[in-house]
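For reference, the chains in residue letters:
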Amino acid sequence: MVSGSVSKQPPLLPCLAVVLLATVATEASSPPTPIQKKWLEAMPEEMVLHAPYTPFRADYSLNATKTMVDGLAAQAAAFGVTTVWVPGTMGQFETLTIAERKELVARWVEAGHRHGLYIIAHVGTNSIEEARDLAAHAQKIGADAIASVPPFYGSVTDVDAIVAFLGEIAKGAAELPLFYYHIPGTTHATIKAMDLFASAQNNGLHSLMGVKYVSTDMGDWFNLVATYNTTKALLFAPEPKLASFGLGIGRGTVLAEDFFAGTYRRMKQSFFSSSSASTNATLEQAWKLAAGAVFGQYGGGSAERTVYGRFPHTCELDLGPPRLPSKPITQEQKKELFKALDSIDFWNRL
């Protein structure tokens with residue numbers, strides 16, 4: 001496994017370092033408590049995170065059978081994923097009922113642990129009571145961690161209020177670490193993740209141990225890794241992934257799609273290992289962006305759902321259509337998609 005803590009990082013450009021260091025909060029991260037150390041040690045050394053698609057039947061009902069989820073977990077592990085976040089945005093968590101979310105997470109905990117995966121149960125909703133119920137369920141069935149978005153109807157920018165919201169949810173799973181889902185472009189909670197961790201520290205939310213960072217604010221990310229890299233699990237999602245290598249790599253990455261795990265690992269290994277690192281890593285990043293553009297041209301997530309029929313552990317599984325309001329791609333679009341993927345050697349590059 002490639003270490004999540006790499007010492008051979010190239011120096012930052014002096015001017016960039018000076019500008020960003022000037023914004024780092026003066027309050028340092030407190031040393032982890034014994035329970036926080038325990039939580040950190042239980043996490044994978046390198047967290048390569050996948051947020052799986054939720055399988056549905058043709059009538060849009062949940063299709064989280066034991067066979068289905070075990071196949072998805074086996075394939076994710078085979079690609080090199082170490083961490084699963086379920087259900088996430090790609091899994092259309094906002095369209096699932098509470099009962100469906102419990103069923104889905106239970107399947108993933110069982111199958112994920114069978115295949116050596118760390119399972120983060122995303123319990124976020126706009127209702128504290130529902131989220132706390134989901135958190136309690138996640139702890140009961142053996143999930144490794146819980147996670148939550150902030151309230152996402154409207155715009156909440158009061159950091160202390162968000163910490164209080166998360167604290168109420170965390171009461172349902174006091175034995176588990178909590179991850180914050182920082183995706184301000186969708187939730188409109190346009191806060192600094194750095195401020196969130198500082199507020200959690202000051203207000204006693206000690207279970208807040210990580211962040212799924214889906215933001216383009218690179219200054220905020222730099223401050224996070226400069227302050228919390230050894231005491232929190234910082235997971236970087238934006239493209240290009242190369243951006244995190246120079247600013248600070250954190251504990252791991254958010255790939256969303258498990259089939260890009262090998263690409264990320266090669267990119268990272270190249271960047272930190274040789275004199276030709278920059279060229280090789282850039283080529284891997286360029287190919288990943290090209291593949292992403294192909295999927296975007298033919299339906300984005302709806303297109304990505306169709307490729308699992310070509311992977312070894314999921315070739316006999318049908319993820320079905322996405323749930324409305326998303327729509328499935330047509331057979332003609334699928335034909336053109338696969339043709340375009342063939343043209344970039346997609347199947348052999350994974």
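Figured I'd write up the structure that's included with this text. Quick caveat, the model's predicted, so the values are computed rather than measured. Position numbers for residues count from 1 along each chain, tracking the sequence in the order it is written. This being a predicted model, a pLDDT of at least 70 is required before a residue's local features are given, and a value of 80 or more before pairs of side-chain atoms are given or counted; all residues contribute to the totals for chains, interfaces and linings. Hydrogen atoms and water are omitted, and side-chain values are computed over all heavy atoms in the structure.

1. Regarding the layout of surface pockets
Here comes step 1: Buried and open spaces are told apart on a 1 Å grid over the protein atoms alone, a cavity being a set of points where a 1.4 Å probe fits but cannot get out and a pocket being an open set with protein on both sides within 12 Å along at least five of seven lines. Residues with an atom within 4 Å of a point are the lining residues. Grid points are joined across faces, edges and corners, and a volume is the space filled by probe spheres set on the points. Considered as a void within the structure, the largest pocket measures approximately 420 Å³ in volume.
Here comes step 2: Surrounding the largest pocket, 23 residues form its lining, Met-90, Ala-237, Leu-255, Ala-256 and Glu-257 being those nearest its centre.
Here comes step 3: The way it works is that DSSP assigns letters per residue, a run of H or I at least four long becomes a helix, a run of E at least two long becomes a strand, and they are numbered from the N terminus. At the level of secondary structure, the elements contributing two or more residues to the lining of the largest pocket comprise β8 (252-256), α12 (277-297) and α13 (301-304).
Here comes step 4: The element contributing the most residues to the lining of the largest pocket is α12, with 4 residues.
Here comes step 5: Residues were grouped as follows: Ala, Val, Leu, Ile, Met, Phe, Trp, Tyr, Cys and Pro as nonpolar; Asp, Glu, Lys and Arg as charged; and all remaining residues, including Gly, as polar. Here the residues of the lining of the largest pocket sort into 13 nonpolar, 4 polar and 6 charged.
Here comes step 6: The computed volume of the second largest pocket comes to approximately 280 Å³.

2. Considerations on the side chain of Asp-220
Here comes step 1: Note on placement: Asp-220 falls in helix α9 (residues 218-228).
Here comes step 2: Exposure classes here rest on a 1.4 Å probe applied to the protein chains alone. A residue is buried below 20% of its type maximum, exposed above 50%, and partly exposed in between. Within this scheme the basic residues Lys and Arg register as positive and the acidic residues Asp and Glu register as negative, but His and the chain ends are omitted. The salt bridge definition used is simple: a Lys or Arg side-chain nitrogen within 4 Å of an Asp or Glu carboxyl oxygen. Buried charged residue Asp-220 carries no salt bridge. Nearest counter-charge: Lys-192, at 5.7 Å.
Here comes step 3: The contact definition used throughout considers only heavy atoms, calling two residues in contact when any of these lie within 4.5 Å. Beyond its immediate stretch of four places on either side in the chain, Asp-220 contacts His-182, Lys-192, Ala-193, Met-194 and Tyr-213.

3. Some points on the packing of helix α3 (residues 66-79) against helix α4 (residues 98-114)
Here comes step 1: Axis angles are defined between N-to-C directions and span 0 to 180 degrees, where every axis is a line fitted to C-alpha atoms and, for a helix, only to the segment in contact. Following both chains from N to C, one finds α3 and α4 inclined at 45 degrees, their axes separated by 9 Å at the closest point. When the axes of α3 and α4 are compared, the pair comes out oblique. Considering how the two elements wind past one another, α3 and α4 form a crossing that is right-handed. For the pair α3 and α4, the contacting residues are Lys-66, Val-69, Asp-70, Leu-72 and Ala-73 in the first and Arg-107, Trp-108, Glu-110, Ala-111, Gly-112 and Arg-114 in the second.
Here comes step 2: Of the residues that constitute the contact of α3 with α4, the class distribution is 5 nonpolar, 1 polar and 5 charged. To sort the angles, those under 35 degrees are grouped as roughly parallel, those over 145 as roughly antiparallel, those from 65 to 115 as roughly perpendicular, and the leftovers as oblique. Handedness of a helix crossing follows the sense of rotation of the near helix relative to the far helix, less than a right angle counterclockwise being left-handed and clockwise being right-handed.

4. Examining the pattern of salt bridges
Here comes step 1: Summed over all chains, the structure comprises 15 salt bridges.
Here comes step 2: A salt bridge links Arg-114 to Glu-110; its shortest N-O distance comes to 3.2 Å. Taken together, the residues span about one helical turn, with Arg-114 and Glu-110 both in helix α4 at a distance of 4 residues.
Here comes step 3: The partner of Arg-349 in a salt bridge is Glu-284, with the nearest N and O atoms 3.7 Å apart. Separated by 65 residues along the polypeptide, Arg-349 in helix α15 (residues 346-349) and Glu-284 in helix α12 bring together distant segments of the chain.

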